[in-house]
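Here's the letter readout for the chains.
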Amino acid sequence: MLALQDPALFKTQGLIGGQWQTARDQQTFAVFNPATAAHLADVASLGADETMAAITAAAAALPAWRALPAQARGERLQVWSRLLQQHAADLAQIMTAEQGKPIAEALGEIRYAASFLDWFAEEGKRTYGEVIPSPAADRRLLTLKQPIGVCAAITPWNFPAAMITRKVAPALAAGCTIIVKPAEQTPLTALALAELAQRAGLPPGVLNVITGEAAVIGATLTASPLVRKLSFTGSTEIGRLLMQQSAPTIKKLSLELGGNAPFIVFDDADVAAAVQGAIQSKYRNAGQTCVCANRLFVQAGIYDQFAEAFAAQASRLRVGPGTDPQTQVGPLIDAAALEKVEQHVSQALDQGAQLMTGGHRLATEAGYFYAPTVLRDATPDMQCAREETFGPVAPLIRFHSEEEVIAWANDSEYGLASYLYSQSLARVFRVAEALEYGMVGVNTGLISNEVAPFGGIKQSGLGREGSHHGIDEYLELKYLCLGL
Ligand SMILES: NC(=O)C1=CN([C@@H]2O[C@H](COP(=O)(O)OP(=O)(O)OC[C@H]3O[C@@H](n4cnc5c(N)ncnc54)[C@H](O)[C@@H]3O)[C@@H](O)[C@H]2O)C=CC1
Ligand SMILES: O=C(O)[C@H](O)CS(=O)(=O)O
């Protein structure tokens, strides 16, 4: 059991219509600590019936919630944000226990999660319509924006708090109600957030959290015509499936899917800055984010200089349990993730890559730890360059020309985040405009915040989250034509 200041935040039941509920068949599923592989909790395994009850509760809560002025909805979100920040230490402890990230990163994520609540509390008051100059003297034309209705959100384990508020905040600010299905690896953070939402005064049914078997819950959410919108963050494979399942009811979709971020360093880059940016991008959350550098392209003129400096810094990163304040890289989420990373590294070495540092799991620890790894002389055809590793592995690929690296960077079905380091303004614009990605970090490895549009193109997804664009994902545009 965790030593929480507020033990009431440790919830193991689902939230339906303002009531904490166990599964009707009393089934549960286990949650484990990835740093120790130890059992952490047993959480209600809710199924189709409970999911339908949550959809019904969200539909029942919708009329009153959407009728509230945006100001009133925003005030609830701001109270919720303050509660997240007041309870940050407990929330971070819960998150590190079930997800593994270093406690400092977990505290940072709670601030990141709260920032979406604050941002959309304001954005909800700016869902402006428009008056359109009429083509006819006896007509007046205008538009207004209205909440889409009952929404569903299916969220990942890598950001167990922020990926929930990045969806729930705009939905509620817009006047929608929502059912959240968190990842089975990290339900405790979601349930703690829901407890604080209750304390913030969200009316029953506005926010519902369903924990349990993903496929059953997902099938129920996507099949229901009452659910008008689905927002998903996770793998492209599951995003594709949810898209198919949503087709019969023509749901509005937001999909934040996989990535394969190129990190490009030109000869004219500030090499020290590029090394720092690459370390931050690559090893954040142990490499388990969809915007992590996945392929590091380094121009031939500075390749050796960059490789030596980058590997030296990577080798000094402290790996260990997230509860240790000295830890910089925590465990991977589970055994499958560890095995995928090992596969990518061994395949690259078999194909001629050279190990500069890392390349092994930490046998001393019971959890899913892998040493920060740097592979030089990697090539674009290696599995670690073709697939999203989602782990602390950095393949360094040498390139010679701008044209060559743009072609290699764009040779992917993914198009989420990309990065380039150069001190030439002309080159920055040439390359940024040529990269087929939704986001481009220029001379920085950290691009995520609540004010900018987060999202990708191609098979990295649909729509944008955060920014003033994010609330449009939860609104419908209505056209009024007034005959005079
Ligand atoms: N875009 C992102 O932020 C993330 C991308 N990923 C990618 O996905 C890969 C696998 O990671 P996972 O956590 O297994 O991602 P996943 O896509 O399997 O899981 C994400 C969410 O989808 C749910 N889910 C899984 N199968 C479902 C189904 N049939 N119906 C409805 N919901 C379902 C999960 O319970 C979780 O809540 C990672 O290695 C990474 O490449 C994973 C997490 C986050
Ligand atoms: O930086 C972020 O917001 C995360 O990387 C989002 S993701 O990894 O879950 O896509």
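Residues numbered from 1 in each chain as written. Chains lettered and ligands numbered in written order. Predicted model: local features only at pLDDT ≥ 70, side-chain atom pairs only at ≥ 80, totals over all residues. Heavy atoms only, no water.

A.B. asks: Looking at this model, I keep getting lost on the site of ligand 2. Mind explaining?
C.D. replies: The local shell around ligand 2 consists of Tyr112, Asn158, Phe159, Met163, Arg166, Thr233, Arg284, Thr289, Cys290, Val291, Ser448 and Phe454. At 2.7 Å, a side-chain N or O of Tyr112 approaches an oxygen atom of ligand 2. Here an oxygen atom of ligand 2 sits 2.8 Å away from a polar atom, N or O, in the side chain of Arg284. Relative to its free-state accessible area of 290 Å², ligand 2 is covered by the protein chains to the extent of 99%. When residues of the shell around ligand 2 are assigned to domains, at least three map to each of domain 1 (7-257 + 460-483) and domain 2 (262-442). (Near = heavy atom within 4 Å. Polar contact = N/O pair within 3.5 Å; in protein donor to acceptor, adjacent residues only side chain to side chain. Areas by Shrake-Rupley, 256 points an atom, 1.4 Å probe, with all protein chains shown as cover. Domains from an automatic or database assignment.)

A.B. asks: Help me out: how do you make sense of the UniProt feature "active site" (unreviewed entry) in the protein in this one?
C.D. replies: In the numbering adopted here, UniProt assigns the feature "active site" (unreviewed entry) to Glu256. Position of Glu256 relative to the elements: it lies in strand 11 (residues 252-256). Glu256 gets classed as buried once you look at its relative accessible area, which sits at 2%. Contact partners of Glu256, with chain neighbours within four places excluded, come to Phe232, Thr233, Gly234, Leu416, Phe454, Gly455, Gly456, Ser460, Gly463, Arg464 and Glu465. (UniProt positions renumbered as here; feature names shortened; annotations may be inferred. Helix = DSSP H or I, 4+ residues; strand = E, 2+ residues; numbered from the N terminus. Buried < 20%, exposed > 50% of the residue type's maximum accessible area, 1.4 Å probe, protein only. Contact = heavy atoms within 4.5 Å.)

A.B. asks: Sorry, what's going on with unusual backbone geometry here?
C.D. replies: What is expected of a backbone is that most residues other than glycine have negative phi and most peptide bonds are trans. Phi at Ala286 is positive, roughly 60°, even though this residue is not glycine. You can see Ala286 is positioned in the loop between helix 9 (271-283) and strand 13 (293-299). A positive phi angle is found at Asn443, which is not glycine, with a value near 55°. Along the chain, Asn443 turns up in the loop between strand 19 (439-442) and strand 20 (457-458). For Asn443, a relative accessible area of 38% translates into the label partly exposed.

A.B. asks: I would appreciate a short explanation of the site of ligand 1 in the present structure.
C.D. replies: In the region of ligand 1, 25 residues are neighbours, and Thr155, Trp157, Glu184, Cys290 and Glu388 sit closest. For ligand 1, an oxygen atom lies 2.7 Å from a polar atom in the backbone of Thr155. At a separation of 2.5 Å, an oxygen atom of ligand 1 approaches a polar side-chain atom of Glu184. For ligand 1, whose accessible area on its own is 800 Å², the fraction buried by protein is 83%.

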